[in-house]
Amino acid sequence: MSIIKPIAQLLGYILDILFMGLNAIGIGNIAIAIIIFTLLVKMLMLPLQIKQQKMTKLQSVMNPEIKAIQEKYKGKNSDTVAMQKMQAETKAVYEKYGVSQWGSCVQLLIQMPILFALYRVFQQIPLYISQIKVLFLNILGLNGADGISSVSGYADTLNEIYGRTVDWSNTSTAVTTLNSFTSDQWIKLKEAFPAFSDMITQNLDKINHMNTFLGVNMSQNPGFGLHIAILIPILAGVTQFISVKVSQAGMEQPDSDNPAAASMKMMTYFMPLMSAFLAISLPSGLGVYWIATAVIQTIQTIFINRYYDKIGTDKIVEKNVEKRNKKRAKKGLPAETIVKGASVSTKNVNNNKNSSASSSADRAKKLQERKEANDKKIQELKEAAAASGKAAKPGSLADKLVWYQDTMRSTIKENREG
C-alpha cells in the first residue's frame, strides 16, 4: 500500500487535469476521461510492452534449445550437479540471444504497482476528480456550506438508507459511499432531508451528467440483468480474450503434458471470464478501463509484432547482443565471452551425437597411431625371422605381436562403425 498510494495520487492528479480540460471544452464525462487517460498510460508503458513482445518473439526461437536442455537432464532433479549444469546451459542460451532470464519478471514488477494504482483510482474516481468531489461535498455539507451533515442524527439516517454503518465524518469514506448510491437510495435521501431536496437534486444532476455514458452510470455496478449496462462486463471479457489471443499469435504452443500448457490455457480462457465476472460487481467505470486497455493493447501488439516480423529475429538478437556487450564493456568484460560461451554450450546441447562421434574419432585416431607403430615393429620382426629362415614360434614375442595386430584392427573397425 505504501508504494501504490503515491502512484495512485500521481495518476489521479493527471486524471483530474485531463478531466478539467475536457470539461472546459464541454465534454466533461468520466467514461471519455477514462478512455483518453488509459490511452495516455498505455503510451507511457509502451516501452515495457515493446520489451515484453520482443521477449515473446525470441522465446519462440529459444524454446526448442531450452527444451533440448530440459530433455537432456530429464529425470535428474535429485542430482544437484546435473541441475547446476542445466541452469548454466539454460543461462547460456539466454545470453546467446542477448536477453535476461529475469527480464519479463522485472517488467511485470514494474507494471503491477501501476495497474493496482489505476484500479484504486477508477474505483474511487470522486476522490481524485476535484470537480466531482466538490459536488458530493456540497450535498454532505463538509466543505463549509450547509448540507445534510447540519441535521442532527444525519449519520444514523444515512446508515439506515445505505444499509450498513459508515464513518460519515470521514470525507473520503463519505464521498465514496455516496458515489455508490443507487437511484432508489438517492430518492430515500431526498425524502429523509426534505429541506435539502432541491440542493441534492441540483448536485446529483451534475454528477449523473458527468458519470453517464451511453446510458450507463460509471459509478454503478452493472449487476445481473437484461439492461444496457450488462454490455460492460461482456465487452470486458471479449476484448481481453481477443487481446490474449493476439499476444499469443506466433508463439510455440507447449505440449499438453507441459505445465506451461495449463498456464497458457488459464491465461487464454480463465482470465477473460474472471474479468467479465468482476466487471459485473464493480463500478462500470472500471469495466470501461478494462475494455479500453484490452483494445489499445491489442492494437499496439499487432503493430509491434508486424515490426518485429519485418526486421526478423536475427536482427533482434544482433541488437540485443550489441546492447549487452556495451554493458559488459563498461564492466571491463570482453564482448566475445557471452556469444562464444553461449555458442559452445548451445552446440553441446543440440549436437550431443556429433560430440560423441567426435570423441569416437579421436579414440580411433590414437588407436590407429599405435597400430602403425606396432605394425612397423612386427614387420621388422618378420623380416628378421625371414632372414634367419625361422617362423614365429607359438607364444613367442613375434607371435604375440601378430595377435595384437589383429586385435587392434578389429578395435579400430568397431570404433569407426560406432
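Residues numbered from 1 in each chain as written. Predicted model: local features only at pLDDT ≥ 70, side-chain atom pairs only at ≥ 80, totals over all residues. Heavy atoms only, no water.

Draft legend 1. Focus on the overall build of the protein chain. On a plain count of helices and strands, the protein chain comes out with 18 helices and 2 strands. Across the 418 residues that make up the protein chain, the buried fraction comes to 37%. At a minimum sequence separation of 6, the contacts of the protein chain that also span at least 24 residues come to 70%. For the protein chain, the accessible area works out to roughly 24400 Å², and carbon and sulfur atoms hold 59% of it. (Helix = DSSP H or I, 4+ residues; strand = E, 2+ residues; numbered from the N terminus. Buried < 20%, exposed > 50% of the residue type's maximum accessible area, 1.4 Å probe, protein only. Contact = heavy atoms within 4.5 Å. Areas by Shrake-Rupley, 256 points an atom, 1.4 Å probe, with all protein chains shown as cover.)

Draft legend 2. Local environment of the nonpolar core. Counting residues in each nonpolar core, the largest one holds 59 residues, and the members touching the most others are Phe122, Ile139, Ile148, Trp168, Leu178, Trp186 and Leu189. Among the elements that line this core, the one with the most residues is helix H1 (residues 4-24), at 7 residues. Setting aside residues no more than four positions away along its own chain, Leu178 makes contact with Phe136, Ile139, Leu140, Trp168, Trp186 and Leu189. (Core = buried A, V, L, I, M, F, W, Y, C linked by side-chain atoms within 4.5 Å.)

Draft legend 3. Representation of the confidence of the model for the protein chain within the structure. Considering every residue of the protein chain, the mean pLDDT works out to 76; 71% of them sit at 70 or more. Per-element mean pLDDT across the protein chain ranges from 40 in helix H16 (residues 336-350) up to 91 in helix H8 (residues 154-162). Below a pLDDT of 50 lies the segment residues 336-360, which in the model reaches 24 contacts outside its immediate sequence neighbourhood of four places, other chains included. (pLDDT = per-residue confidence, 0-100.)

Draft legend 4. Molecular detail of unusual backbone geometry. Positive phi outside glycine occurs at Leu214, with the angle close to 55°. Within the secondary structure, Leu214 sits in the loop between strand E1 (212-213) and strand E2 (216-217). The class of Leu214 is exposed, set by a relative accessible area of 65%.

Draft legend 5. Broad picture of a nonpolar patch on the surface. Together, Ile228, Leu231, Ile234, Leu235, Val238 and Ile242 line one region of the surface with nonpolar side chains, adding up to about 500 Å² of accessible area. For Ile228, the location among the structural elements is in the loop between E2 and helix H12 (231-248). When its relative accessible area of 45% is taken as the criterion, Ile228 is described as partly exposed. (Patch = residues over 30% accessible without salt bridge, like charges linked within 9 Å, V, L, I, M, F, W, Y side chains within 5 Å. Salt bridge = Lys/Arg side-chain N within 4 Å of Asp/Glu carboxyl O.)

Draft legend 6. Region of interest: helix H3 (residues 46-72). Helix length check: H3 (27 residues) gives 38 Å between terminal C-alpha atoms against 39 Å at 1.5 Å per residue, within 8%. Looking only at H3, the buried set comprises Leu48, Gln49, Gln53, Met55, Lys57, Leu58, Met62, Glu65, Ile66 and Ile69. (Expected span 1.5 Å × (residues − 1).)

Draft legend 7. Region of the structure containing the packing of H3 against helix H4 (residues 80-96). Remark: H3 packs on H4, axes separated minimally by 10 Å, with the N-to-C direction vectors making an angle of 155°. One way to sum up the angle between H3 and H4 is to call them roughly antiparallel. In this structure, H3 meets H4 at a crossing whose hand is right-handed. Note on element contacts: H4 touches H3 through Met86, Glu89, Thr90, Val93, Tyr94 and Lys96, opposite Met55, Gln59, Met62, Glu65, Ile66, Ile69, Gln70 and Lys72. Looking at side-chain class alone, the contact of H3 with H4 contains 7 nonpolar, 3 polar and 4 charged residues. (Axes fitted to C-alpha atoms, helices over the stretch in contact; angles between N-to-C directions. Parallel < 35°, antiparallel > 145°, perpendicular 65-115°, else oblique. Left-handed = near helix turned anticlockwise from the far one by under 90°. Nonpolar A, V, L, I, M, F, W, Y, C, P; charged D, E, K, R; others polar.)

Draft legend 8. The arrangement of the environment of Ile4 in detail. Within the element layout of this structure, Ile4 appears in helix H1. Sequence separation between Ile4 and Phe116 is 112 residues, and the spatial gap between their C-alpha atoms is 6.8 Å. Those residues in contact with Ile4 that lie beyond four places of it in its chain are Pro113, Phe116, Ala117 and Arg120.

Draft legend 9. Highlighting empty space enclosed by the protein. Counting across every chain of the model gives 2 cavities of 30 Å³ or more. A volume near 100 Å³ is recorded for the largest cavity. Forming the boundary of the largest cavity are 13 residues, of which Ile125, Pro126, Asn179, Met218 and Ser219 lie nearest the centre. Counting residues per element, the ones that place at least two in the lining of the largest cavity are helix H5 (103-123), helix H6 (125-128) and helix H14 (284-311). Tallied by class, residues from the lining of the largest cavity come to 8 nonpolar, 5 polar and no charged. Space inside the second largest cavity adds up to approximately 30 Å³. Lining the second largest cavity, in full, are Thr38, Val41, Lys42, Met45, Leu115, Leu118, Tyr289 and Thr293. For the lining of the second largest cavity, the elements supplying multiple residues, two or more each, are helix H2 (30-44), H5 and H14. The biggest single contributor to the lining of the second largest cavity is H2, with 3 residues. Its residues assigned to classes, the lining of the second largest cavity shows 5 nonpolar, 2 polar and 1 charged. (1 Å grid on protein atoms, 1.4 Å probe; cavity = no way out; pocket = protein on both sides within 12 Å on 5 of 7 lines; lining within 4 Å. Points joined across faces, edges and corners; volume = space filled by probe spheres on them.)

Draft legend 10. Region of the structure containing the side chain of Ser275. By the element assignment, Ser275 lies in helix H13 (residues 259-281). Judged by its relative accessible area of 8%, Ser275 is buried. Among the polar contacts made by the side chain of Ser275, one reaches the side chain of Gln240 at a distance of 2.5 Å. Not counting chain neighbours up to four residues away, the residues in contact with Ser275 comprise Gln240 and Trp290. (Polar contact = N/O pair within 3.5 Å; in protein donor to acceptor, adjacent residues only side chain to side chain.)

Draft legend 11. Broad picture of the packing of aromatic side chains. Inspection of every chain in the model, using the stated rule, returns 4 aromatic pairs. When the ring of Phe37 is compared with that of Phe122, the centres are 5.9 Å apart and the planes differ by 80°; the resulting orientation is edge-to-face. Separated by 85 residues along the polypeptide, Phe37 in helix H2 and Phe122 in helix H5 bring together distant segments of the chain. The burial state of Phe37 is the same as that of Phe122; both residues are buried. With a centroid separation of 4.7 Å and 35° between ring planes, the pair formed by Phe122 and Tyr289 is classed as tilted. With Phe122 in helix H5 and Tyr289 in helix H14, the pair connects residues that are 167 residues apart, well separated along the chain. In this pair, the class of Phe122 matches that of Tyr289, namely buried. Through a chain of ring-to-ring contacts, the aromatic side chains of Phe37, Phe122 and Tyr289 assemble into a single cluster. (Phe/Tyr/Trp six-rings, centres within 6.5 Å; stacked < 30°, edge-to-face > 60°.)

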